[in-house]
Each structure stands twice: as structure tokens, then as C-alpha cells.
Amino acid sequence: MHRLEVPLPHLLPFAIGSFDSIGPLSRANFPHRHAFYEIVHVTGGRGAHVLDLSHRTLDPPHLCVITPGQVHHWEDADGLTGQVMLFNEDFLLSHPGDAAALDLLAGRPWLRLRDPRDGIAELLAEMEHEYRTLREGYAGVLRAYLHILIVRALRSCEPAPGRGPAAAGRAAELAAAFTRLIAAPGGTESSVASCAKELGVSAGHLHALVKEATGQTPGRLIRRRQTLEAKRLLARTDLTIRQVARDTGFADPAYFCRFFRRETGLTPGDYRAGIGAGAEPDGGGIHHDPRIPSIAAAATGTVG
């Protein structure tokens, strides 16, 4: 099991700190992947960052969003300063639309933060302070701050390298329309074909542009949306498993249970029981998903 060395002052599927306080794996020089989100704010240092084979020389300040399953590592990194934030999809339950926004941000691997008026550095400092002081209501404050950070980061997006503004705009616009569609009430019951018809494009065109803008296929985004909505219903309502299955687009509760376990590693009942016991899933510091083998296993002698 590949474990991240992060400080854990509480059981929360969230951590933020400096590269030093999060630990050496925050600047790992071997390719690896994990099942959580990572937002990296680089304010200083030298070297390069490689994300899904996209090689970027550091030119701080940068903001980088890394989504679950992406492969990344640092090359010849030295003197890195800034903040590293780690969280999983459970932390997005209050703002489920943020998952789609993070997919869009991941399509712009490095956001150059050239306008000090964007307030991103100050916002991250506030988040780190809130995380360390643990004042009453801190979890809700952190979720609200994260939502604001995502919105501000979207405003800072530039066209992806190698593509003109028009091409970038078409992909981003269609991807945004698609994510709004599946985030709407009943959206988790949609298929890729029905979404394409609703948006007035072919399924192939939708697949190509959504993958271009987000790095994820439309089918994968729908499955993630179904999983997130199922988690929300299991955590926040008293609906039966059959009712949760129905409300997330599954006519067969047994198939829903198999789907949920495949996506999360837990049965719906086990997930709800964990929430009821007062612990948020994945809050124990094991951020690497044992169902996703690390491509760095040979180099580290671990599986994560």
C-alpha cells in the first residue's frame, strides 16, 4: 500500500500544507497515480512537473489540479515552496458540481497566476490556517473555501498549449454543457447517447471534445457523478438502498451494489455505516486506493 505521509489532526478526507509538512511524496520523482484529488500551488523552486506525459518547466506562481487516476511526477525539482492540498470526492458532497469543474481544470495542467488580485494565494493561506486551528465549523469552512478556490481557478484558465482559443473554447464549452446536464436533477440517469442528442452533437463528437477538455470520457464522468450522488444520498438521507439505486439511475439494486463496490471499494451499506459511526471515508490517512496499482511499485517496492 502506497501511503502519503501527511499530518492528520482529525479524521477528514482532506489535508493541506507545505511540501515539507505533507511529506517527501508530495514531490516524488517517480511516476505514480492515486485515487484522490491533488491541488498544487507552487510559489517558488526549480525543475519540472510531468502530468500524463505533459512536461512543464516550473515558472512560479502556478496552480495545478491533478485528478484521480492521472499519472504525474516531479523532475529535478529543487527548493519547491507553496502548498499541497489533498482531498477525495467525499469532500465535494456539499458542492457536487465541483467534481466536473475540477475535471475541466485538469485539462489546463498549469494555471499561471499572474494577477495578484485573484486572491488565490491568500485563500490558500486561509485554508491552511483553518485546517491547523480546527475551530468550530472548520469542515464547512474548508468546503466553502475549496468551492471558491475552484471558481477562481476556472476564471484564470487559459487555452491549452498547442490549440487555438477557438478550438479550446469549443471543447470547454461542450464539456461544461455536458457536466451541467449530468449534474441537473435526473442527470445521473442519462446515457452518453441521450446527452449527445440533448446537446445536438454525435456521441463520437461528444466523446472526443469532452475527453479533450477534461481528460475523462463522458461515460467515466457519468459514472463518477452517479457515485458521488449515491454517496450524498447514503450519507445525508434515510433512503433505502433500493431507493438510492433508483434515484441514481439503476433499476436493479443488486447491480447498483456491484457498481458502487467497484467504484468505491465498499458496499453501500458499509459506506453508510462508516458515515453513521462518525468517520468520513478515507479519513485514516491512506490516500492511495488499493484497487489502483501504482505504476511506481517496481521502484518503491510497494503497491498503492
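Residues numbered from 1 in each chain as written. Predicted model: local features only at pLDDT ≥ 70, side-chain atom pairs only at ≥ 80, totals over all residues. Heavy atoms only, no water.

Notes on the overall build of the protein
Right, on to step 1. Helix and strand counts for the protein stand at 12 helices and 6 strands.
Right, on to step 2. Expressed as a percentage of its 304 residues, the buried residues of the protein come to 47%.
Right, on to step 3. Considering only contacts in the protein between residues 6 or more positions apart, those separated by 24 or more positions represent 73%.
Right, on to step 4. Total accessible area on the protein stands at roughly 13600 Å², and carbon and sulfur atoms take up 53% of it. (Helix = DSSP H or I, 4+ residues; strand = E, 2+ residues; numbered from the N terminus. Buried < 20%, exposed > 50% of the residue type's maximum accessible area, 1.4 Å probe, protein only. Contact = heavy atoms within 4.5 Å. Areas by Shrake-Rupley, 256 points an atom, 1.4 Å probe, with all protein chains shown as cover.)

Some thoughts on the pattern of salt bridges
Right, on to step 1. Counted according to the given criterion, the structure contains 5 salt bridges.
Right, on to step 2. E263 serves as the salt-bridge partner of R220, at 2.6 Å between the closest nitrogen and oxygen. Of this pair, R220 sits in helix α8 (residues 218-236) while E263 sits in helix α10 (residues 253-264), and the two are 43 residues apart along the sequence.
Right, on to step 3. Among the residues examined, E263 registers a relative accessible area of 17% and is labelled buried.
Right, on to step 4. Through salt bridges with shared partners, a single network forms among R220, R262 and E263. (Salt bridge = Lys/Arg side-chain N within 4 Å of Asp/Glu carboxyl O.)

Let's talk about the nonpolar core
Right, on to step 1. Membership of the largest hydrophobic core comes to 56 residues, with the highest contact counts inside it found for M85, F87, M127 and L146.
Right, on to step 2. The element contributing the most residues to this core is helix α4 (residues 138-155), with 8 residues.
Right, on to step 3. Other than its neighbours up to four places away in sequence, L146 contacts I39, M85, F87, F91, L92 and M127.
Right, on to step 4. Residues A171, A176, F178 and I222 belong to the second largest nonpolar core, which totals 15 residues. (Core = buried A, V, L, I, M, F, W, Y, C linked by side-chain atoms within 4.5 Å.)

Focus on unusual backbone geometry
Right, on to step 1. Here the bond from P60 into P61 is cis, since omega is 0 degrees, no more than 30 degrees from zero.
Right, on to step 2. Examined against the element boundaries, P61 turns out to sit in the loop between β3 (54-57) and β4 (62-66).
Right, on to step 3. If you check the backbone angles, D76 has positive phi at about 50 degrees while not being a glycine.
Right, on to step 4. Summarising the element assignment, D76 is placed in strand β5 (residues 72-87).
Right, on to step 5. A relative accessible area of 71% places D76 in the exposed class.

Some remarks on the packing of helix α3 (residues 120-133) against α4
Right, on to step 1. The N-to-C vectors of α3 and α4 enclose an angle of 165 degrees; their axes lie 10 Å apart at closest approach. In terms of axis orientation, α3 runs roughly antiparallel to α4. Of the two possible hands of crossing, α3 and α4 adopt the one that is left-handed. Residues I120, L123, L124, E126, M127, E130 and Y131 of α3 form the contact with α4, whose own contacting residues are Y138, V141, L142, Y145, L146, I148, L149, R152 and A153.
Right, on to step 2. Across the contact of α3 with α4, the residue classes break down as 13 nonpolar, no polar and 3 charged. (Axes fitted to C-alpha atoms, helices over the stretch in contact; angles between N-to-C directions. Parallel < 35°, antiparallel > 145°, perpendicular 65-115°, else oblique. Left-handed = near helix turned anticlockwise from the far one by under 90°. Nonpolar A, V, L, I, M, F, W, Y, C, P; charged D, E, K, R; others polar.)

Topic: the pairing of β4
Right, on to step 1. Among the 5 residues that make up β4, 5 are buried, leaving the element largely enclosed by the rest of the structure.
Right, on to step 2. Neither face of β4 is left uncovered, since the one carrying H62, C64 and I66 and the one carrying L63 and V65 both have all their residues buried.
Right, on to step 3. Taken together, the 5 bridges between strand β2 (residues 37-51) and β4 define a ladder with antiparallel strand orientation. For H41, the partnering residue across the bridge sits in β4 and is L63. (Pairing = 2+ DSSP bridges.)

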